[in-house]
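An overview of the molecular structure
Here is what each chain is made of, one letter per residue.
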Amino acid sequence: MQKIFSQTKILLLTLYVFPVLLLLWFLANFSVNVPYWDQWRLTPIFERVAQGNATFFDFFTVHGHHRILIPKLIITALAFATKWNTQAEIICSVIFVIITFFAICKIAAIKFQHQNKNILHIANILSCLLLFSLVQHQNWLWGFTLFWFLTNLCLIMAVYFIHALENLSAKTRIFIAAIFSLIGSFTLIQGLLSWLVLIPSILSIEGKAKQKISRLTIWISLFIVSCIIYAINFNPIREPKPFLFTEQPFLIINYFLAVLGLPLVRLPIPAILTGLILLSGFLFFTYYFLKKPFYKLTFFPSAIPWLTIGTFSLISALSISVGRAEYGVENAMISSRYTTTSILLIISLIYLLALFVQEQQKYLSIYKIFAVAITGILMINSLYVVRNVKLSFPYMQGRKECLEIINYLADSEFIKESSDSCLVLMNGKTWLVRQGAEIMEKLGWREFPQNLKFIKQPKQNNGYLDNPQTTAKPLIIKGNDTLNLGGWAIKPDGKEQPNLVLLSYGENQDFFANAIVNLESNDIAKIMKSKLYSRARWKVKFSAKSLPVGETIIQAWVYHSNKQEFVKLNNEVKVRVENT
């Protein structure tokens, strides 16, 4: 009997730990230590902090539509502690979610006291699968978006202190919940919604009618004060469109439902239908648990935390939809960062369904089928995410390589404007990246080499520039024409693949264009007898404006970081650029 019990405990521990281990494996293999997009806007703040000139308003200013005051403070502290290793921000996100999960489990343990432990374990394991799900890969791999996880954490912790620590006085629980709501409010604009969705929880705290009214008055007053502070010099980069809902209601509704279904489905119509099912389920449980008069709300305290969490998810998804719906449902399908919010709705449904099954035992088998289905869907989604991220990984690695050699990137039209530019891949405003790199070097956080060797005649073959075919006569192109080049590139040591091919012209020791090495090359893999080279081809398209007028020679190079050298690929292309 003891052996069976021990095996059961080991099985449960494995099921609880597996989602976390899967995530850690994913991050260990696919996270890259390089700033990306909005992160580059923080470098001036870092410089002012280092100089002692930073002010409160450097952190308080609007970022997009949000005041990310708390995330800016966290990221700045981590940057100075780690010389801005962006993977520290990713670790911080994981820690936030671990705390969130433990808080949810604690709330569930209190609300499911003396009930069926198997149902509780099923609910907790499903919650774990969702919270650590790889479908949030954009947020997991981009440390800057730790604010999504922090906003969720603040709400859950507020719920936790109100509902799971009943040994504390009502004033203490409400005070701590207010602190977390305040932190959430200045983490994302969605955090302001926590004040509203927590009102039923505030009312559910034991006390006389007069006490409840007093608490509610104070709570709403704190919400209003938070909103007033939030509104100080609020100048979002995009003008809000308050009438979009009346002008294009179906557009917003479809986007809203798609965001709700996004954690489970990544196709527009199925995601909308899934979102509708989830919304309908939540409305059913809301009616089921709150069908008694409002003043008898405390008769169902076990449902209040989950209804609060689900309502927060719904309102957050709606606010996202109002701001993003104009870009179409397809935009939602590629925005996995929004799943971190909508996952909370599914978690709330899991626990509400568990409470329902506790009362209606005849539906226990349905709950188990539901659990198996959700688990299967999430595992399939994880495989899909890993496959896609693996394909895009050279772009992520390319950004890191690009930053390292930033001093060798010319200020050409391609480097500044092309969507294939490795510098544009880091931020569309390439001057921000260059400015940020200078600040990082000034602070001693990174070193950017300036005296690298150019190896024109390497001892080993690193690849070819084989398209177009080499001819004695130069290609003649006009100033407004575009040129397509391609080839393949490898690192002959057989340990890894190059991420970038860099193009230079003439005798210049800088590069006017680049290509990502990520195209299928089964022929190369067959010749080299290694699957490592199955995606070794590259191609690039650029304007003749990036070249000087007259005759020149284009050469292709790969960068060997370990040897601190650029190595030339075989062949080169002669071109003559003529005025139009």
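Residues numbered from 1 in each chain as written. Predicted model: local features only at pLDDT ≥ 70, side-chain atom pairs only at ≥ 80, totals over all residues. Heavy atoms only, no water.

Digging into the packing of aromatic side chains
The tally for this structure, following the rule as stated, stands at 46 aromatic pairs. Geometrically, the ring pair formed by F512 and F542 is edge-to-face, given 5.1 Å between the ring centres and 75° between the ring planes. Here F512 is found in the loop between strand 5 (500-505) and strand 6 (513-516), whereas its partner F542 is found in strand 7 (residues 537-543), with 30 residues between them in sequence. Grouping residues by exposure puts F512 and F542 together as buried. Taken together, the ring pairs connect Y36, W37, W142, F144, F147, W148 and Y338 into an aromatic cluster. Its end group placed over the ring of F60, R67 keeps NZ or CZ at 4.1 Å from the ring centre. In this arrangement the basic side chain of R67 is found over the ring face of Y230, its NZ or CZ atom lying 5.8 Å from the centre. (Phe/Tyr/Trp six-rings, centres within 6.5 Å; stacked < 30°, edge-to-face > 60°. Helix = DSSP H or I, 4+ residues; strand = E, 2+ residues; numbered from the N terminus. Buried < 20%, exposed > 50% of the residue type's maximum accessible area, 1.4 Å probe, protein only. Lys NZ or Arg CZ within 6 Å of the ring centre and 35° of its normal.)

A closer look at unusual backbone geometry
Between N467 and the following residue, P468, the backbone shows a cis peptide bond with an omega angle of 5°. Checked against the element boundaries, P468 lands in the loop between strand 2 (463-467) and strand 3 (475-478). Of note, K529 is a non-glycine position whose phi angle comes to about 55°, a positive value. The topology assignment puts K529 in the loop between helix 23 (522-528) and strand 7. We note that Q564 has phi near 55°; this positive angle belongs to a residue other than glycine. Mapped onto the fold, Q564 is located in the loop between strand 8 (550-560) and strand 9 (565-568).

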